[in-house]
Amino acid sequence: CFFFQAEDGIRDAQESRGLGDVYKRQEPYANLHGVQVLSGANNCKQVDVLNFLKLIRDAKQNLAQAFNQVSVREYQAVTGLFHWSDPVFISRAPGRLDVMGGIADYSGSLVLQMPIAEAALVALQLHPESTEITVVSFGAELSNRQFQFQMESSKLLQPDGSPISYPAAQQFFAEDHGISWASYLIGCILVLMHEGYVDTASTSSLGMSILVHSRVPEGKGVSSSAAIEVATMKALVSALAIEMDGRQIAILCQKVENHVVGAPCGIMDQMASCIGQQGKLLALLCRPAQVLGFISIPASVAVWGIDSGVRHSVGGSDYGSVRAAAFMGKRILETQGTETQKQLLAEHGVL
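Structure report, in brief.

Reading the values: the criteria
Residues numbered from 1 in each chain as written. Predicted model: local features only at pLDDT ≥ 70, side-chain atom pairs only at ≥ 80, totals over all residues. Heavy atoms only, no water. Helix = DSSP H or I, 4+ residues; strand = E, 2+ residues; numbered from the N terminus. Contact = heavy atoms within 4.5 Å. Phe/Tyr/Trp six-rings, centres within 6.5 Å; stacked < 30°, edge-to-face > 60°. Pairing = 2+ DSSP bridges. Buried < 20%, exposed > 50% of the residue type's maximum accessible area, 1.4 Å probe, protein only. Expected span 1.5 Å × (residues − 1). Axes fitted to C-alpha atoms, helices over the stretch in contact; angles between N-to-C directions. Parallel < 35°, antiparallel > 145°, perpendicular 65-115°, else oblique. Left-handed = near helix turned anticlockwise from the far one by under 90°. Nonpolar A, V, L, I, M, F, W, Y, C, P; charged D, E, K, R; others polar. Polar contact = N/O pair within 3.5 Å; in protein donor to acceptor, adjacent residues only side chain to side chain.

Quick word on the overall build of the protein chain
When its secondary structure is counted, the protein chain shows 11 helices and nine strands. Partitioning the contacts of the protein chain with sequence separation of at least 6, the portion at a separation of at least 24 is 66%.

Points about the packing of aromatic side chains
Under the defined criterion, the tally for this structure stands at five aromatic pairs. Three or more aromatic residues joined by ring pairs make a cluster, and in this case those are Phe-149, Phe-172 and Phe-173.

A short note on the pairing of strand β8 (residues 280-285)
Of the pairings in the sheet, the one linking strand β4 (residues 110-126) to β8 comprises four bridges and is antiparallel in character. Paired with Leu-112 across the two strands is Ala-283, which belongs to β8. Sheet topology note: the β8/strand β9 (residues 290-296) ladder contains six bridges and is antiparallel. Across the sheet, Leu-282 pairs through a bridge with Phe-294, a residue of β9.

Digging into unusual backbone geometry
Residues Arg-287 and Pro-288 are joined by a peptide bond in cis, for which omega reads 15 degrees. Mapped onto the elements of the fold, Pro-288 is located in the loop between β8 and β9. Although it is not a glycine, Ala-241 sits at a positive phi angle of roughly 60 degrees. Judged by its relative accessible area of 65%, Ala-241 falls in the exposed class. In this model, Ala-289 sits at a positive phi of 55 degrees, which is unusual for a non-glycine residue. With respect to the helices and strands, Ala-289 occurs in the loop between β8 and β9.

Here's the deal with helix α6 (residues 183-194)
Since the α-helix advances by 3.6 residues per turn, residues separated by three or four positions end up pointing in the same direction. The terminal C-alpha atoms of α6 lie 15 Å apart, and with 12 residues this matches the ideal 16 Å at 1.5 Å per residue to within 8%. Across the 12 residues that make up α6, a large majority, 10, are buried. Turning to α6, its buried residues number three or more, namely Ser-183, Leu-185, Ile-186, Gly-187, Cys-188, Ile-189, Leu-190, Val-191, Leu-192 and Met-193. Contacts from the buried residues of α6 go to β5 (132-137), β6 (148-152), α5 (166-174), β7 (208-214), α7 (224-239) and α8 (246-261). Count one or two residues on from α6 and you reach Gly-196, which has phi positive near 85 degrees.

Quick word on the packing of α7 against helix α9 (residues 268-275)
The geometry of α7 relative to α9 is characterised by a closest axis approach of 9 Å and an angle of 55 degrees between their N-to-C directions. Compared by their axis directions, α7 and α9 come out oblique. The interaxial crossing formed by α7 with α9 has right-handed handedness. Together, Ala-226, Ala-227, Glu-229, Val-230 and Lys-234 of α7 and Asp-269, Gln-270, Ser-273 and Cys-274 of α9 make up the contact between the two elements. Of the residues contributing to the contact of α7 with α9, the split by class is four nonpolar, two polar and three charged.

Quick word on the pairing of β6
Across a regular strand the side chains alternate sides, sitting on one face of the sheet and then on the other. Burial along β6 is one-sided: Phe-149 and Met-151 are buried, while Gln-148, Gln-150 and Glu-152, pointing the other way, are not. With five bridges connecting them, β5 and β6 associate as antiparallel partners. From the neighbouring strand, Val-135 faces β6, where its bridge partner is Phe-149.

Some thoughts on the environment of Met-271
As for its position among the elements, Met-271 is in helix α9. Considering only alpha carbons, one finds Met-271 and Gln-113, 158 residues apart in sequence, at a separation of 9.3 Å. With residues up to four places along the chain from it excluded, the contact list for Met-271 reads Arg-247, Ala-250, Gly-276, Leu-282, Leu-284, Ala-289 and Val-291.

A closer look at the environment of Asp-98
Note on placement: Asp-98 falls in strand β3 (residues 88-100). Looking at Asp-98, the relative accessible area reads 33%, which means it is partly exposed. When the C-alpha positions of Asp-98 and Leu-112 are compared, they lie 6.6 Å apart, and in sequence the two are 14 residues distant. Once residues lying within four places of it in the same chain are set aside, the contact partners of Asp-98 are Ile-103, Leu-112 and Gln-113. Among the polar contacts made by the side chain of Asp-98, one reaches the main-chain amide nitrogen of Gly-102 at a distance of 3.1 Å.

Put into structure tokens, the structure is as follows:
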């Protein structure tokens, strides 16, 4: 969805661009003074989206009331991030709970995944007259990360005008842990360029502002990184008017994590975050990202995730080693397995 706030900070609930009736249906925003929703999907009614809008709208007021230097810096960054006379695109992507099979998603397993209430939210505004990309991660300093990242959009191009290589981008973000988080967002832009969705001839002036705020717990195995990628990619394709379905978005987000972030993950996390449905389990065959359907969870059943205290990361060396071992085992079975195993692998790629 997207919204804007007028220069004077006030925008009444009146018709605009022929979408006034759409705005009137957004009941949770009826009392959100100064913000007008021009269009949006059902998930725009989520409470966390409403709070995110309030965070942006009230940044200047909260800056005056900030009680520590961390809050001052972050609210100050949010205050000057957007031009309120232009559209701001808002997107939301939830984390996910692995109910079945997720340990082997990279080898093509059948999995059941459930979206959780916690989500990542992204606000994005294009600045065609600018060459600067500014990203603010609200709450980042609490995790010992830089809260703001800035770069010239021209740095995403090689001298011949083509996009920089994935290894070059991966090395750039890996050199400084303080800005490595930005690879999940900037990587979305780079992947769109490599896939031909963004004209590299105009990339040098592809300025934009991005604000990200996520409540998906990090390092807990609930897809915090995928949620940020999906939310960012959704905002980008909306702002750039790119037609793309959920499966395509998820596949591109996996490319971000594999090629720019450098984590050898499967497609499960991105698919679950992108197309998962509330109150249902996503049945997914991970290779080749085939949706088998959605299974409704009975009203009498509740699914809980309990924190084991063991940190999880698909970017860690253990995850990469296990994935490499799985494909080594597949290769061994292809050459030395039984005839039945060889036939199954030849026909389906999985046992």
